[in-house]
Structures are given as C-alpha cells and as structure tokens.
Amino acid sequence: MRAGHLRRYTRKTLRAAVESAGFDVLQLSGYQASLLPVAAISRAESRRVGRQALAAEEAPRPIVNSLLTKINKAEVGLSTRTGIRPPTGTSLLVVARRT
C-alpha cells in the first residue's frame with residue numbers, strides 16, 4: 001500500500017476542516033497505534049540517511065507490505081470487537097455527520 005499523502009492534519013486542523021465542510025464530528029481517534037514504533041524508526045532513519053528511507057516507506061517490499069497489512073487488520077479487528085479506539089496513532093480517524 002502506498003501512503004500517497006496529500007495533506008497532513010493534527011486533531012485540531014482535521015476537526016476544523018470537517019466542521020467547516022458542514023459536518024458534526026461524532027468521533028475523532030487515533031489509528032494505526034501499533035505502527036507508531038515502526039513509523040518512528042522510519043522517520044529517524046530518513047533523517048539519518050536521507051530520502052531513501054522515505055522512498056522505501058512509500059513503496060515497501062511485498063513481504064513488508066503484507067506484514068503491515070496484517071498488523072493493520074488486527075488493530076481494526078480489535079477496535080471493532082472491543083469498541084476501544086487508540087488515543088493516538090500514525091493516522092487519525094474521524095466519524096462525522098452532515099449537519
């Protein structure tokens with residue numbers, strides 16, 4: 001999976017963008033909390049060696065992509081079964097309703 005980010009949001013800026021588009025935010029939580037250590041290592045490595053580390057993150061090898069996909073699916077499954085959402089993560093998840 002390629003990240004392909006177009007924008008980066010904080011909780012505050014994501015809430016503001018969603019509300020300014022005419023939605024009420026029902027839930028705002030972290031996502032991919034289990035991948036925070038991997039992301040931190042990748043960012044530290046990119047500072048150390050340059051953009052090659054970020055390029056590897058954008059297009060991971062198939063075996064790495066498969067492992068990360070399994071980790072993501074496990075986290076989604078746990079959140080779905082328990083209703084517990086992590087307070088932080090490498091991404092943000094918003095649930096909103098049009099006002």
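> Tell me about the confidence of the model for the chain, and please be specific about residues and values.
Here the chain averages 85 in pLDDT, while 87% of its residues score no lower than 70. The spread of mean pLDDT over the elements of the chain runs between helix H3 (residues 51-58), the lowest at 64, and helix H1 (residues 11-20), the highest at 96.

> Which residues make up unusual backbone geometry, and what values do they have?
The phi angle at Gln-32 is positive, at roughly 65 degrees, despite the residue not being glycine. Looking at the secondary structure, you find Gln-32 in the loop between strand E1 (23-31) and helix H2 (36-49). According to the relative accessible area criterion, Gln-32 is buried, its value standing at 14%.

> Talk me through the side chain of Ser-29; I want residue IDs and the actual numbers.
Considering the arrangement of structural elements, one finds Ser-29 in strand E1. Exposure remark for Ser-29: the relative accessible area of 5% places this residue in the buried category. Here the side chain of Ser-29 touches Gln-27 through a polar contact of 3.5 Å, side chain to side chain. Discounting chain neighbours no more than four positions away, the residues touching Ser-29 are Arg-11, Arg-85, Pro-86, Ser-91, Leu-92 and Leu-93.

> Which residues make up the environment of Val-76, and what values do they have?
Counting through the fold element by element, Val-76 comes out in helix H4 (residues 62-82). Put simply, Val-76 and Tyr-31 are 45 residues apart on the chain and 8.5 Å apart in space, counted from C-alpha to C-alpha.

> Explain a nonpolar patch on the surface residue by residue, including any values.
Taken together, the side chains of Leu-26, Leu-93 and Val-95 present a nonpolar region at the surface, about 230 Å² in accessible area. Structurally, Val-95 is set in strand E2 (residues 91-98). Val-95 sits in the partly exposed class, given a relative accessible area of 35%.

Cut-offs applied
Counting restarts for each chain: residues are numbered from 1 in the order of the written sequence. Where totals are concerned, whole chains, interfaces and linings use all residues; where local detail is concerned, this predicted model gives features only for residues with pLDDT of at least 70, and gives and counts side-chain atom pairs only at 80 or more. Only hydrogens and water are removed before side-chain values are computed, so all heavy atoms of the structure are retained for them. Every residue gets a pLDDT, meaning the predictor's confidence in that residue, from 0 to 100. The secondary structure listing takes helices from DSSP runs of H or I that are at least 4 residues long and strands from runs of E that are at least 2 residues long, numbered from the N terminus. To sort residues, take the accessible area from a 1.4 Å probe on protein chains only and compare it with the maximum for the residue type: under 20% means buried, over 50% means exposed, and anything in between is partly exposed. We call two N or O atoms a polar contact when they sit within 3.5 Å, provided that within protein one can donate a hydrogen and the other can accept it, with sequence-adjacent residues counted only if both atoms are side-chain atoms. Between two residues, a contact is recorded if the distance between any of their heavy atoms is within 4.5 Å. Patch criteria: residues need more than 30% relative accessible area and no salt bridge. Like-charged residues are merged within 9 Å; nonpolar side chains of Val, Leu, Ile, Met, Phe, Trp and Tyr are merged within 5 Å. Computed with a 1.4 Å probe, the accessible areas rest on the Shrake-Rupley method; for each residue, only the protein chains presented here act as cover. The rule for a salt bridge is simple: a side-chain nitrogen of Lys or Arg has to be within 4 Å of a carboxyl oxygen of Asp or Glu.

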